[in-house]
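Topology and contacts: notes
Here are the chains, one letter per residue:
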Amino acid sequence: MTAQVGIGTDSPNDAAILELHSTDKEILLPRLTSSAAEDMDATIPAGLMVYCTDCNIKGSSKIHDVDEWIDYVPSFGGSFSGNVGTGIRDSATFLYVQGDPAAADFR
């Protein structure tokens, strides 16, 4: 037996456990400092998400993945400075481009 819960809708999507619907409201995540998130109980489930109030990138959230917090920065179409990782989780690793970067089209 499966069931779906809908908030703001009488017919939640069959593929969803929870569907939220609103045309004038947003979701507010729990707000924690980075150290408060790190100090949480060790039994944090994977997928837990919080808004980080003092992280390096303004507007970032953290998602817990098994045994660590991962910074989650949604794509916002702008730019920021710092290191980036592609296909890796280590944001301290510099982006390495092999070949002639001037010949590449990064649009």
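Attention here is on the structure that accompanies the text.

Basis of the calculations
Residues numbered from 1 in each chain as written. Predicted model: local features only at pLDDT ≥ 70, side-chain atom pairs only at ≥ 80, totals over all residues. Heavy atoms only, no water. Helix = DSSP H or I, 4+ residues; strand = E, 2+ residues; numbered from the N terminus. Buried < 20%, exposed > 50% of the residue type's maximum accessible area, 1.4 Å probe, protein only. Contact = heavy atoms within 4.5 Å. Patch = residues over 30% accessible without salt bridge, like charges linked within 9 Å, V, L, I, M, F, W, Y side chains within 5 Å. Areas by Shrake-Rupley, 256 points an atom, 1.4 Å probe, with all protein chains shown as cover. Salt bridge = Lys/Arg side-chain N within 4 Å of Asp/Glu carboxyl O. Pairing = 2+ DSSP bridges.

Structural notes on the environment of Arg31
Following the sequence through the fold, Arg31 ends up in strand E3 (residues 31-32). Using a relative accessible area of 56% as the deciding quantity, one classes Arg31 as exposed. Counting along the chain gives 22 residues from Arg31 to Thr53, while the straight-line C-alpha distance between them is 6.3 Å. Discounting residues that sit within four places of it in the chain, Arg31 has contacts with Tyr51 and Thr53.

Brief notes about a nonpolar patch on the surface
A surface patch of nonpolar side chains, about 620 Å² in accessible area, is lined by Val5, Ile7, Ile17, Leu18, Leu20 and Ile27. When you line up the elements, Leu18 lands in strand E2 (residues 18-20).

Observations regarding the sheet that holds strand E5 (residues 61-65)
Read across the sheet, four strands follow the order E3-E4-E5-E6 without closing on themselves; strand pairing throughout is mixed. With one partner strand each, in any of the chains shown, E3 and strand E6 (68-72) form the two edges of the open sheet. Pairing analysis gives five bridges linking E5 to E6, with the strands arranged antiparallel. Looking at the pairing, Ile63 lines up with Ile70 of E6.

Structural notes on the side chain of His64
Among the structural elements, His64 can be located in strand E5. The class of His64 is buried, set by a relative accessible area of 6%. For His64, the contacting residues outside a window of four places in its chain are Ile44, Pro45, Ala46, Gly47, Leu48 and Trp69.

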